Amino acid sequence: MPSLPLPSAVDLARAQFALTVVWHFLFPAFTIGLASFLAVLEGRWLFTGKAVYLDTYRYWLKVFAVAFAMGVVSGLVMSYQFGTNWSVFADRTAPILGPLLGYEVLTAFFLEAGFLGVMLFGLARVGPRLHFAATCLVALGTLTSAFWILSANSWMQTPTGHTMGADGRFAPADWWAIIVNPSFPYRFAHTVTGAYLTTAMIVGAVGALHLLRDGKNPRARAMFSMAMWMAALVAPAQLVIGDMHGANTYAHQPAKVAAMEGHFETRSGASALLFGWPDAEAGETRGALGIPGLASLYLTHDLNGTVRGLNDMPRATWPTNLPLVFWSFRVMVGLGLLMIALGLASLWLRWKGRLYDAAWFHRLAVAMGPSGLIAVTAGWTVTETGRQPFTVYGLLRTADSVSPVAAPAVAASLAAFAVVYLAVFGAGIWYLLHLFNQAPHVHEAGPPTGVPTRTAGITPAPALDAPAHGESRPALQPAE
């Protein structure tokens, strides 16, 4: 019986990066939207004076602190892999990607780090308006971080504004063209909107869970109502943004779109395939079931438009895993359509005055809780696996980007990463679920206050205003 071939160092390095990026992306996809949600909650509290918004803010602030910390930790690991597993890629793209990632640190990370402590612990110290400013700046920091990261990723998808030396290294020629490359505006809008929907699904699920337990809880009502407004307004907009992003991808990465659609033959009036299994060896999608003309309509905006198939493109440019690209795209689109349906149903129930007492709808919202995380993960899978076999599309192949590290060494680090990530982030997710299970109540405490935690070095700062022995620090009083 022939033995199965062992995976190569390239495959193992790709698997390791996929493991770390999937774990990491779960948290920014949540915290980008959650930071903006917190800013809206605190703004509504300041504008209306209603304590229900402050209580809801404090409830979600605890969640944000945990999710943000896990996102930072998981993100740090990814940058090290550029030097360990992908040193050739790092060397050749450093003049482009190095400054872009540096700008992310100098702007977004410093902004978040500078005001996160005020946001988490400063309400009783700096006053409501200054605290609100800190919350808004943290939300701005998350969006700024997304801006630079997605600019760097988009340049790898649609590289422009560079020159290439004789040694194969990229060099900047036009920074504006590099930062605002052809796919960046669409990818940025699509990803950020997906993050907002991810937050809306989670917040809506938690609100619905507590409405099933106590339909009169005003804090559960507030978070559920706001989440359903977000779903109703943003999910349809995401469909339009996704269509524009798809047309842009078709113009610049036709092989990726052909893999997404499962098209091997170039056709006019091309069908949008609902099901099937792309077979690269046979050059066809087996068991295909589709809607005639629909793919031509949304790709060319012409029902009889011609859509290129994979067979009209060099085989060396085909994505390396056609079924993964094909089915990840369908998971993303299918969940997006369910979010639109959820938002439209919420509008109907709101109009009927039954948004807070329709138990069937609350159960549906709970079931949809993880849908945003699954959808953004599927979308990111389409983006990254559809770009293969290149790291810089059309210019630098993945096989030429890997470090000269033996497969056993990469396999050992991959196994270690899998165990550590499962333990650490599994525990973190369990704790987040524990927080979700706690009902939001009046005078919600928020993150703990008191003596600051000393994280490094030796400083007298925590002791400057520490209470004397036997005394207690006054509790933070919630504003009414």
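Residues numbered from 1 in each chain as written. Predicted model: local features only at pLDDT ≥ 70, side-chain atom pairs only at ≥ 80, totals over all residues. Heavy atoms only, no water.

### Some words on the overall build of the protein
Each helix and strand counted, the protein has 15 helices and 8 strands in total. Over its C-alpha trace the protein gives a radius of gyration of 24 Å, about what one expects of a compact globule, namely 23 Å for 480 residues. C-alpha extents for the protein along the principal axes are approximately 75 × 60 × 55 Å. The buried share of the protein, taken over its 480 residues, is 48%. Residue pairs in contact within the protein that sit at least 24 positions apart in sequence constitute 78% of those at least 6 positions apart. Of the roughly 22,300 Å² of accessible surface on the protein, a fraction of 69% belongs to carbon and sulfur atoms. Seen as two clouds, the 28 positive and the 24 negative side-chain charges of the protein have centres 8 Å apart. (Helix = DSSP H or I, 4+ residues; strand = E, 2+ residues; numbered from the N terminus. Rg over C-alpha atoms; globule rule 2.2 N^0.38 Å. Buried < 20%, exposed > 50% of the residue type's maximum accessible area, 1.4 Å probe, protein only. Contact = heavy atoms within 4.5 Å. Areas by Shrake-Rupley, 256 points an atom, 1.4 Å probe, with all protein chains shown as cover. Lys, Arg positive; Asp, Glu negative; His and termini not counted. Charge placed at Lys NZ, Arg CZ, Asp CG, Glu CD.)

### Description of the nonpolar core
For soluble globular proteins, the rule of thumb is that nonpolar side chains tend to be buried together. In this structure, Trp60 and Phe64 are the most contacted members of the largest nonpolar core, which totals 63 residues. Top contributing element to this core by residue count: helix α2 (residues 51-84), with 13 residues. Leaving out residues up to four positions away in the same chain, Phe64 has contacts with Thr31, Leu34, Ala35, Leu38, Leu116, Met119 and Val138. (Core = buried A, V, L, I, M, F, W, Y, C linked by side-chain atoms within 4.5 Å.)

### Section: the environment of Phe89
With respect to the helices, strands and loops of the structure, Phe89 is situated in helix α3 (residues 87-121). When the C-alpha atoms of Phe89 and Met368 are compared, they prove to be 39 Å apart, with 279 residues separating the residues in sequence. Aside from chain neighbours lying at most four places away, what touches Phe89 is Phe82, Leu97, Met156, Thr391, Val392, Leu396 and Ser401.

### Considerations on helix α11 (residues 322-352)
For α11, built from 31 residues, the straight-helix expectation of 45 Å at 1.5 Å per residue is met to within 8% by its first-to-last C-alpha distance of 46 Å. Where α11 begins, one side-chain oxygen reaches toward the backbone nitrogen of Leu324, 3.1 Å away; that side chain belongs to Asn321. Taken from the residues just after α11, Gly353 is the one with a positive phi, measuring 75°. (Expected span 1.5 Å × (residues − 1). Polar contact = N/O pair within 3.5 Å; in protein donor to acceptor, adjacent residues only side chain to side chain.)

### A few points about helix α12 (residues 359-367)
Every buried residue belonging to α12 is among Phe361, His362 and Ala365, and all of these are buried. All buried residues of α12 fall inside an arc of 100° around its axis, so they share one side. Pointing more than 90 degrees away from the buried face of α12 are the exposed residues Arg363 and Ala367. Those residues of α12 that are buried lie in contact with α7 (184-213), α8 (218-252) and α11. (Arc of directions from axis to C-beta.)

### Brief notes about the side chain of Gln388
Note on placement: Gln388 falls in the loop between α13 (371-387) and β7 (390-392). A relative accessible area of 7% places Gln388 in the buried class. Side-chain polar atoms of Gln388 contact the side chain of Thr398, separated by 2.6 Å.

### Quick notes on a nonpolar patch on the surface
A contiguous nonpolar patch, built from Leu274, Phe275, Trp277, Leu289, Ile291 and Trp327 and spanning about 590 Å² of accessible area, is present on the exposed surface. Residue assignment for the nonpolar patch shows that the elements contributing at least two residues are β4 (272-279) and β5 (284-291). For the nonpolar patch, the element with the highest residue contribution is β4, accounting for 3 residues. Within the element layout of this structure, Trp277 appears in strand β4. (Patch = residues over 30% accessible without salt bridge, like charges linked within 9 Å, V, L, I, M, F, W, Y side chains within 5 Å. Salt bridge = Lys/Arg side-chain N within 4 Å of Asp/Glu carboxyl O.)

### Remarks on the layout of surface pockets
Quantified by volume, the second largest pocket comes out at close to 1,100 Å³. Along its surface, the second largest pocket is lined by 42 residues, and His190, Gly242, Phe329, Met332 and Val333 are the ones closest to its centre. The biggest single contributor to the lining of the second largest pocket is α11, with 9 residues. In terms of residue class, the lining of the second largest pocket is made up of 23 nonpolar, 14 polar and 5 charged. (1 Å grid on protein atoms, 1.4 Å probe; cavity = no way out; pocket = protein on both sides within 12 Å on 5 of 7 lines; lining within 4 Å. Points joined across faces, edges and corners; volume = space filled by probe spheres on them. Nonpolar A, V, L, I, M, F, W, Y, C, P; charged D, E, K, R; others polar.)

### Regarding the pattern of salt bridges
As enumerated under the stated definition, the model contains 5 salt bridges in all. Close ionic contact of Arg286 with Asp279 constitutes a salt bridge, the shortest N to O distance being 2.8 Å. The class for Arg286 is partly exposed, based on a relative accessible area of 43%. Linked by salt bridges that have partners in common, Asp279, Glu284 and Arg286 make up one network.

### Digging into the confidence of the model for the protein
Parts of the prediction with low pLDDT should not have their coordinates interpreted in detail. Confidence along the protein averages 87 in pLDDT terms, with 91% of residues attaining 70 or more. Below a pLDDT of 50 lies the segment residues 450-480, which in the model reaches 25 contacts outside its immediate sequence neighbourhood of four places, other chains included. (pLDDT = per-residue confidence, 0-100.)

### Remarks on the pairing of β5
As paired strands, β4 and β5 are joined by 6 bridges and run antiparallel to one another. If you follow Phe275 over to β5, its bridge partner there is Leu289. If you look at the hairpin formed by β4 and β5, you'll find 4 residues sitting between the two strands, and Gly283 has a positive phi there, around 70°. (Pairing = 2+ DSSP bridges.)

### Remarks on the packing of aromatic side chains
Enumeration according to the criterion identifies 24 aromatic pairs in this entry. Taken together, the aromatic side chains of Tyr103, Phe147, Trp148, Trp175, Phe184 and Phe188 make up a single cluster linked through ring pairs. The residue whose ring lies beneath Arg330 is Phe326, and the NZ or CZ to ring-centre distance is 3.6 Å. (Phe/Tyr/Trp six-rings, centres within 6.5 Å; stacked < 30°, edge-to-face > 60°. Lys NZ or Arg CZ within 6 Å of the ring centre and 35° of its normal.)

### What about the packing of helix α1 (residues 9-48) against helix α5 (residues 128-157)?
The N-to-C vectors of α1 and α5 enclose an angle of 160°; their axes lie 9 Å apart at closest approach. Between α1 and α5, the interaxial angle falls into the category roughly antiparallel. Pair α1 / α5 crosses with left-handed handedness. In contact with Thr31, Ile32, Ala35, Ser36, Leu38, Ala39, Glu42, Gly43, Trp45 and Leu46 of α1, α5 contributes Pro128, His131, Phe132, Thr135, Cys136, Ala139, Thr142, Leu143 and Ala146. Partitioning the contact of α1 with α5 into residue classes produces 12 nonpolar, 6 polar and 1 charged. (Axes fitted to C-alpha atoms, helices over the stretch in contact; angles between N-to-C directions. Parallel < 35°, antiparallel > 145°, perpendicular 65-115°, else oblique. Left-handed = near helix turned anticlockwise from the far one by under 90°.)

### A closer look at unusual backbone geometry
Here Gln388 and Pro389 are connected by a cis peptide whose omega angle stands at 15°. In this fold, Pro389 is placed in the loop between α13 and β7. Not every positive phi belongs to a glycine, and His301 is a case in point at roughly 60°. Looking at the element boundaries, His301 is found in the loop between α10 (294-300) and β6 (306-307).

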